[in-house]
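Coordinate inspection notes
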Amino acid sequence: MIGHEMIKLSKLLLPLIMAFAIVGCTSLSNKPIYNDQGYAVTGYDVVAYFTENKAVKGSTDFQAEYQGSQWLFASKEHLAQFKQSPERYAPQYGGYCAYAMSSGFVVSSDPQAFTVYQDKLYLNYSLSVRENWLENKAQFIQEADGYWQQKVTKN
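Reading guide: rules and limits
- Residues numbered from 1 in each chain as written.
- Predicted model: local features only at pLDDT ≥ 70, side-chain atom pairs only at ≥ 80, totals over all residues.
- Heavy atoms only, no water.
- Helix = DSSP H or I, 4+ residues; strand = E, 2+ residues; numbered from the N terminus.
- Buried < 20%, exposed > 50% of the residue type's maximum accessible area, 1.4 Å probe, protein only.
- Areas by Shrake-Rupley, 256 points an atom, 1.4 Å probe, with all protein chains shown as cover.
- Core = buried A, V, L, I, M, F, W, Y, C linked by side-chain atoms within 4.5 Å.
- Contact = heavy atoms within 4.5 Å.
- Arc of directions from axis to C-beta.
- Axes fitted to C-alpha atoms, helices over the stretch in contact; angles between N-to-C directions.
- Parallel < 35°, antiparallel > 145°, perpendicular 65-115°, else oblique.
- Nonpolar A, V, L, I, M, F, W, Y, C, P; charged D, E, K, R; others polar.

Along the backbone of the chain there are seven helices and six strands. Helices and strands appear in the chain in the N-to-C order α-β-β-α-β-β-α-α-α-β-β-α-α. Counting every position in the chain, which comprises 155 residues, the buried fraction comes to 46%. For the chain, the exposed area adds up to about 8200 Å²; of that, 52% sits on carbon and sulfur atoms.

What follows is the structure in structure tokens.
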């Protein structure tokens, strides 16, 4: 039984360990929103995750500033929806990996590795990390919520 539990644990931890080895941990250091290529969520339209249930690249024709970051959208309608209620669409943990945050780490995310759960957007480092995160997302979210509060109150 112990062998089975160890295999299960290593299956959960291996993608996260690989993520740390590849990119290392970062810190928030005045960056509460994950920015890559100059845009929040690497320029993906956060409203589309809710309306189309897929990752859609935004356009520089439709952009807004929120929490010190530039956000891109695929349409004028999505831009308007975001401006009306940005906190509804902004990803949890500033768009950093939700799985890593559940262990207190600040790690980049892949816009393709997303989950909309209980009307909130969660991003993960990769699709394989997302698969592990989905296995126990309720517990990981509870843990990540606590660590996120610690991270944002430090800055």
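From this point, the narrative continues.
This paragraph deals with the nonpolar core. Val41, Val46, Tyr49, Trp71, Phe73, Phe82 and Leu121 are the most contacted members of the largest nonpolar core, which has 20 residues in total. Elements with a minimum of two residues in this core: helix H2 (46-51), strand E3 (59-66), strand E4 (69-73), helix H3 (76-84) and strand E6 (120-124). A per-element tally of this core places H2 first, with four residues. Residues contacting Val46, with those up to four places away along its chain left out, are Val41, Trp71, Phe73, Phe82, Tyr89, Pro91 and Leu121. Within the second largest apolar cluster, 18 residues are counted, among which are Tyr34, Val107, Tyr122 and Ile141.

An α-helical turn contains 3.6 residues, so any two residues separated by three or four positions project in the same direction. Within the sequence span of H3, burial applies to His78, Leu79 and Phe82. One side of H3 carries all its buried residues, which in axial view fall inside an arc of 100°. The exposed residues of H3 that point more than 90 degrees off its buried face are Lys76, Glu77, Lys83 and Gln84. If you follow the buried residues of H3, they end up packed against H2, E3, E4 and helix H4 (86-89).

This part is about the packing of helix H6 (residues 127-134) against helix H7 (residues 137-154). Interaxial distance between H6 and H7 falls to 7 Å at its minimum, and their mutual angle equals 100°. In this view, H6 runs roughly perpendicular relative to H7, as classed from their interaxial angle. Contact residues: H6 offers Asn132, Trp133 and Leu134, while H7 offers Lys137, Phe140 and Ile141. Looking at the contact of H6 with H7 residue by residue, the class counts come to four nonpolar, one polar and one charged.

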